[in-house]
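Examining the three-dimensional arrangement
Each chain, letter by letter, is given below.
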Amino acid sequence: MVDILHRVGIKAPVEEVYKALTTREGLAAWWTNHTQAENKVGGALNFRFSAAGADIGGFEMKVLELQPAQRVLWQVVSGPEEWIGTKISFDLKQSGEHAIVRFKHQGWKEPVEFMHHCSTKWAIYLMSLKSFLETGKGAPNPNDTHISGDGSD
């Protein structure tokens with residue numbers, strides 16, 4: 001099994017980062033405008049993505065763990081085959097005026113081409129989270145940075 005790992009410092013309290021990771025409004029402000037979320041353990045999260053005005057798919061996740069201002073853990077229950085069964089975690093800690101976010105998308109069976117794409121996109125979305133919390137403006141899908149070169153993401 002292989003994992004995607006990222007770390008980012010955000011000039012904000014961890015409580016605000018946690019809120020951006022656990023509310024529909026927060027998630028829609030940095031990841032994708034098309035978000036539905038139940039903020040409770042066992043709740044469902046639904047994310048849809050579009051490119052050039054067309055729906056290009058999405059994910060459904062189950063909330064496994066919520067530790068306020070410390071940790072968020074999801075498991076992918078539907079979406080691209082490579083994602084199903086993987087887990088996504090955000091571990092948070094305060095370091096001075098910065099919240100440190102340690103991100104992990106764990107449990108990939110192998111480092112396929114799609115994993116390379118997803119690693120880059122996760123970095124883009126984590127920078128969107130940083131921008132949202134520091135400036136009030138994120139870049140969620142469909143306004144994110146496209147990387148495929150064919151307009152499909």
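Details of the structure are given in the entry above.
Residue positions within a chain follow its written sequence, with the count starting from 1. Side-chain atom pairs in this predicted model are given and counted only at pLDDT of 80 or more, local residue features only at pLDDT of at least 70, and totals for whole chains, interfaces and linings cover all residues. Excluding hydrogens and water, the side-chain figures rest on all heavy atoms present in the structure.

What follows is about the sheet that holds strand β1 (residues 2–10). Two strands qualify as a pair provided DSSP detects at least 2 bridges between them. Put simply, DSSP H or I for four residues or longer makes a helix, DSSP E for two residues or longer makes a strand, and each gets a number counted from the N terminus. With antiparallel pairing, 7 strands are arranged side by side in an open sheet as β1-β7-β6-β5-β4-β3-β2. Edge positions in the open sheet fall to β1 and β2 (34–37), since each of these has one partner strand only. This sheet shows a mean twist of 20° between the axes of neighbouring strands, independent of strand direction. With 9 bridges connecting them, strand β6 (residues 87–95) and strand β7 (residues 98–108) associate as antiparallel partners. Across the sheet, residue lysine 87 finds its bridge partner in β7, namely glutamine 106. The strands touched by helix α1 (residues 14–22) are β1, β4 (54–67), β5 (71–78), β6 and β7; relative to β6, the strand with the most contacts, the crossing angle is about 160°. Only heavy atoms matter for contacts: two residues are in contact if any of them lie within 4.5 Å across the pair. Lines fitted to the C-alpha atoms define the axes, with helices restricted to the stretch that makes contact. Angles between their N-to-C directions range from 0 to 180 degrees. Running over the sheet, helix α3 (residues 113–135) touches β1, β3 (44–51), β6 and β7 and is turned about 20° from β1.

So, on to unusual backbone geometry. Cis peptide bonds are those with omega within 30 degrees of zero, and the linkage from asparagine 141 to proline 142 qualifies with 15°. Checked against the element boundaries, proline 142 lands in the segment after α3.

As a rule of thumb, soluble globular proteins bury nonpolar side chains together. Buried residues of nine kinds, namely Ala, Val, Leu, Ile, Met, Phe, Trp, Tyr and Cys, make up a nonpolar core once their side-chain atoms join them within 4.5 Å. Type-normalised accessible area, obtained with a 1.4 Å probe on protein chains alone, sets the label of each residue: buried when under 20%, exposed when over 50%, and partly exposed for intermediate values. In this structure, Trp31, Met61, Trp74 and Phe90 are the most contacted members of the largest nonpolar core, which totals 38 residues. Ranked by residues supplied to this core, first place goes to α3 with 7 residues.

With that settled, the discussion passes to the packing of aromatic side chains. Between the rings of Phe, Tyr and Trp (Trp by its six-membered ring), a pair exists once the centres lie within 6.5 Å; its type follows the angle of the planes, with under 30 degrees stacked, over 60 edge-to-face, and the other angles tilted. For the structure on display, the rule yields 18 aromatic pairs. Aromatic pair phenylalanine 47 and tryptophan 74: ring centres 5.8 Å apart, planes at 40°, arrangement tilted. Separated by 27 residues along the polypeptide, phenylalanine 47 in strand β3 and tryptophan 74 in strand β5 bring together distant segments of the chain. Look at phenylalanine 47 and you get buried, because its relative accessible area is 0%.

Next up on the list: the environment of alanine 54. Its location among the elements puts alanine 54 in strand β4. The class for alanine 54 is partly exposed, based on a relative accessible area of 37%. Separated by 90 residues in the primary sequence, alanine 54 and aspartate 144 have C-alpha atoms spaced 15 Å apart.

Along the chain, the position of aspartate 144 falls in the segment after α3. Side chain to side chain, aspartate 144 and tyrosine 125 meet in a polar contact 2.7 Å long. Filtering out sequence-adjacent residues up to four positions away, aspartate 144 remains in contact with Lys121, Tyr125, Ala139 and Asp153. Counted as a polar contact is a pair of N or O atoms within 3.5 Å, where, for protein atoms, one must be capable of donating a hydrogen and the other of accepting one, and residues adjacent in sequence contribute only when both atoms are in side chains.

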